[in-house]
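Structural overview for review
The primary structure of each chain is shown beneath.
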Amino acid sequence: MIGCLIDSPAMPSNIRPMPHRYQDSRHWFPELPHTRQRHFLASTQQGMHIDVKGKQLLNFSSNDYLGLRTHPNVKDAAIKTIEASGFGSGASRLVCGDHPHMHQLEAELATWKGYESCLMLGSGVLANLGLIQALSDRHTHVFSDKLNHASLVDGARLSGAKNHRFNHLDMPMLAQLLANNPAQKRMIVSDGVFSMDGDCADIARLLNLAEEHQTLLLIDDAHGIGCLGHQYKGLTSQFGGHEHLVEVGTFGKAFGGYGAFILGTHELLEGLRQRMRTMIYSTALPAAIPAAMLASLSLIQTGTLQPTLHENIQTFLQHSQGLPLIASQTAIQPLLIGTDTDALVASQALRDAGFFVPAIRPPTVREDTARLRITLSAAHRHQDIEQLSTVLKSVCL
Ligand SMILES: Cc1ncc(COP(=O)(O)O)c(C=O)c1O
């Protein structure tokens, strides 16, 4: 059975399994191999440890790059807001789910990143789907890097725009595609830091192409903001507020929270407030989230945690020489394995040795490039990283 919930509770005795084909996964997903098991892994996290089935493992799979998920300032801000005004927002922002904390966070993010305006959204997926859909119709042409995050891919598909995909980081190919499509409404779309490879888009070259071909450039820097660039403002740190640039960031990574934001001009974002369906028709985030993310933003702005993250990345790279790592200087360090089976075996061997590094397999990555996606955090200790490298060498070499 596909999606077998290995760790889920047994089916209640009063429920009979339904043989009906409308609930048979093979009816709906005939293309999926039936041996494939994907399941939720019941776990609890404490700092950089994860408890899986009663076993404490060191977690090298979280996007909590600065350890802010558990920072006392972040937790206190959320708790105080919940105590003052409850948890759920109750409705979408345009109805009654809006909150002054959201406006304060939007204003602070816009100023910090150098843009005129900012709009908070429920998640990065909602931001990307809604943004591309709001800006596109069937006359729009979207030019996307082939390794873009799934939400950018789906946003372009669902928008009804005409899609053009360029090979990963291939600027001459993008230039050629743009030259061949002199349409009025065009948009280049790219991850900043690529989520499964950990490498980076060349923002300066993308912006040059956007200027030369008079297009909009959408950068999703979910993994860069807070960690990289001048004052850790992300890969676009030198270009905030550029007239061709619109940017998406998320709170689920370096900020240690949940949710997302879009940055651009007043005019563009005002249009999104009128048109963006994933904002208009979705329940607003609980006010505790912007409250906590204001605390995260202050901590990010102090710049005190990021040097530890970068030291940790260098420690990992020094101790992991000889391993088949995909070249990356970011917190995302993918170790290429190849087949799905080999990646699962390697992941299990790491688990047995006390480390949690899940296997990432197709369709998340290309066929035969299954990998271990190792993520580093400022909250890891040097000795944890050194031990991980030692175990990786015994498992993968
Ligand atoms: C580049 C990128 N964009 C968007 C998202 C989705 O963000 P969220 O988890 O807030 O939906 C992710 C998620 O991991 C991502 O890696």
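Just so you know, these numbers come straight off a predicted model, no measurement behind them.

1. Thoughts on the overall build of the protein
Counting its secondary structure elements, the protein contains 14 helices and 14 strands. Relative to the 2.2 N^0.38 estimate, which gives 21 Å for 397 residues, the radius of gyration of the protein is 22 Å and therefore close to what a compact globule would have. Counting only C-alpha atoms and orienting by the principal axes, one finds that the protein spans roughly 55 × 55 × 55 Å. Counting the 397 residues in the protein, one finds 45% classified as buried.

2. Topic: the site of the ligand
Around the ligand lies a shell of 14 residues, among which Ser 123, Gly 124, His 149, Ser 195 and Ala 222 are the nearest. Per element, the largest residue contribution to the shell around the ligand is three residues, and it comes from helix H5 (residues 124-135). Residues of the shell around the ligand, tallied by class, amount to three nonpolar, nine polar and two charged.

3. Points about the sheet that holds strand S14 (residues 370-375)
Read from one edge of the open sheet, three strands run S11-S14-S13, paired in antiparallel fashion. Pairing within the sheet leaves two strands with one partner each, and these edge strands are strand S11 (332-338) and strand S13 (359-360). Direction of pairing for S11 relative to S14: antiparallel, over a ladder of six bridges. Paired with Pro 334 across the bridge in S14 is Arg 373.

4. Overview of the nonpolar core
One finds Ile 188 and Ile 262 to be the most contacted residues of the largest nonpolar core, which totals 107 residues. Mapping this core onto the domain boundaries places at least three of its residues in each of domain 1 (36-59 + 305-396) and domain 2 (72-302). If near-sequence neighbours (up to four positions away) are discounted, Ile 262 is found in contact with Cys 118, Leu 119, Leu 121, Ala 127, Leu 131, Val 246, Val 248, Leu 269 and Leu 272.

5. With respect to the packing of H5 against helix H6 (residues 150-158)
Interaxial distance between H5 and H6 falls to 8 Å at its minimum, and their mutual angle equals 30°. Considering the angle they form, H5 stands roughly parallel to H6. Crossing hand, H5 versus H6: right-handed. Seen from H5, the contacting residues are Gly 124, Val 125, Asn 128, Leu 129, Leu 131, Ile 132 and Gln 133; seen from H6, they are Ser 151, Leu 152, Asp 154, Gly 155, Ala 156 and Leu 158. For the contact of H5 with H6, the residue count by class is seven nonpolar, five polar and one charged.

6. Considerations on the environment of Leu 178
One can find Leu 178 in helix H7 (residues 171-180). Placed 35 residues apart in sequence, Leu 178 and Phe 143 show a C-alpha to C-alpha distance of 8.0 Å. Sequence-distant contacts of Leu 178, defined by excluding residues within four places in its chain, comprise Phe 143, Leu 209, His 213 and Thr 215.

7. Details of helix H13 (residues 340-352)
If you check H13, its first and last C-alpha atoms are 18 Å apart, about what 13 residues at 1.5 Å a residue would give, namely 18 Å. Residues of H13 that are buried make contact with S11, strand S12 (355-356), S13, S14 and helix H14 (382-396). Just downstream of H13, Gly 354 is the residue with a positive phi angle, here 100°.

8. Notes on the sheet that holds strand S2 (residues 49-52)
Backbone hydrogen bonds hold the strands of a sheet together, and the pairing may be parallel or antiparallel. With respect to topology, four strands assemble into an open sheet ordered S1-S2-S3-S12, the strand pairing being mixed. The open sheet is flanked by strand S1 (43-46) and S12, the only strands paired with a single partner. Inspection of the sheet shows S1 paired to S2 by four bridges, in the antiparallel sense. For Gln 45, the partnering residue across the bridge sits in S2 and is Ile 50.

9. What about the pairing of S14?
Summarising burial for S14: six of the six residues are buried, a large majority. Because side chains alternate across S14, one face comprises the buried residues Ala 370, Leu 372 and Ile 374, and the other comprises Arg 371, Arg 373 and Thr 375, equally buried. The sheet contact formed by S13 and S14 spans two bridges and is antiparallel. Residue pairing in the sheet places Ala 359 in a bridge with Leu 372 of S14.

10. Describing the packing of helix H12 (residues 306-319) against H14
Where H12 contacts H14, the axes come no closer than 9 Å and their chain directions differ by 30°. Taken together, the axes of H12 and H14 lie roughly parallel to each other. Every pair of crossing elements has a handedness; the one defined by H12 and H14 is right-handed. Here Asn 312, Thr 315, Phe 316 and His 319 of H12 come into contact with H14, specifically with His 382, Ile 385, Glu 386 and Ser 389. Split into classes, the residues belonging to the contact of H12 with H14 amount to two nonpolar, five polar and one charged.

11. Describing the domain arrangement of the protein
When the parts of a complex come together, some accessible area is lost, and that lost area is often used as the size of the interface. Taken domain by domain, the protein comprises domain 1 (36-59 + 305-396) and domain 2 (72-302). Between the C-alpha centres of domain 1 and domain 2 there is a distance of 27 Å. Breaking the side of domain 1 that touches domain 2 down by element, the ones donating at least two residues are H12 and S11. Broken down by element, the residue count for the side of domain 1 that touches domain 2 peaks at three residues, all from S11. Partitioning the side of domain 1 that touches domain 2 into residue classes produces nine nonpolar, five polar and one charged.

12. Some thoughts on the pairing of strand S5 (residues 141-145)
For S5, the tally of buried residues reaches five of five residues, placing the bulk of the element in the interior. Of the two faces of S5, the one holding His 141, Phe 143 and Asp 145 and the one holding Val 142 and Ser 144 are both buried throughout. Note that S5 and strand S6 (residues 162-166) share five bridges and pair parallel. Across the sheet, Asp 145 pairs through a bridge with Phe 166, a residue of S6. Once you follow S5 into H6 and on to S6, the crossover reads as right-handed. With four bridges connecting them, S5 and strand S7 (residues 186-191) associate as parallel partners.

Basis of the calculations
- Residues numbered from 1 in each chain as written.
- Predicted model: local features only at pLDDT ≥ 70, side-chain atom pairs only at ≥ 80, totals over all residues.
- Helix = DSSP H or I, 4+ residues; strand = E, 2+ residues; numbered from the N terminus.
- Rg over C-alpha atoms; globule rule 2.2 N^0.38 Å.
- Buried ≥ 20, exposed ≤ 12 C-beta atoms within 10 Å, placed from the backbone.
- Near = placed C-beta within 6 Å.
- Nonpolar A, V, L, I, M, F, W, Y, C, P; charged D, E, K, R; others polar.
- Pairing = 2+ DSSP bridges.
- Core = buried A, V, L, I, M, F, W, Y, C linked by C-beta atoms within 7 Å.
- Domains from an automatic or database assignment.
- Contact = placed C-beta atoms within 7 Å.
- Axes fitted to C-alpha atoms, helices over the stretch in contact; angles between N-to-C directions.
- Parallel < 35°, antiparallel > 145°, perpendicular 65-115°, else oblique.
- Left-handed = near helix turned anticlockwise from the far one by under 90°.
- Expected span 1.5 Å × (residues − 1).
- Right-handed = clockwise from strand over helix to strand, strands pointing away.

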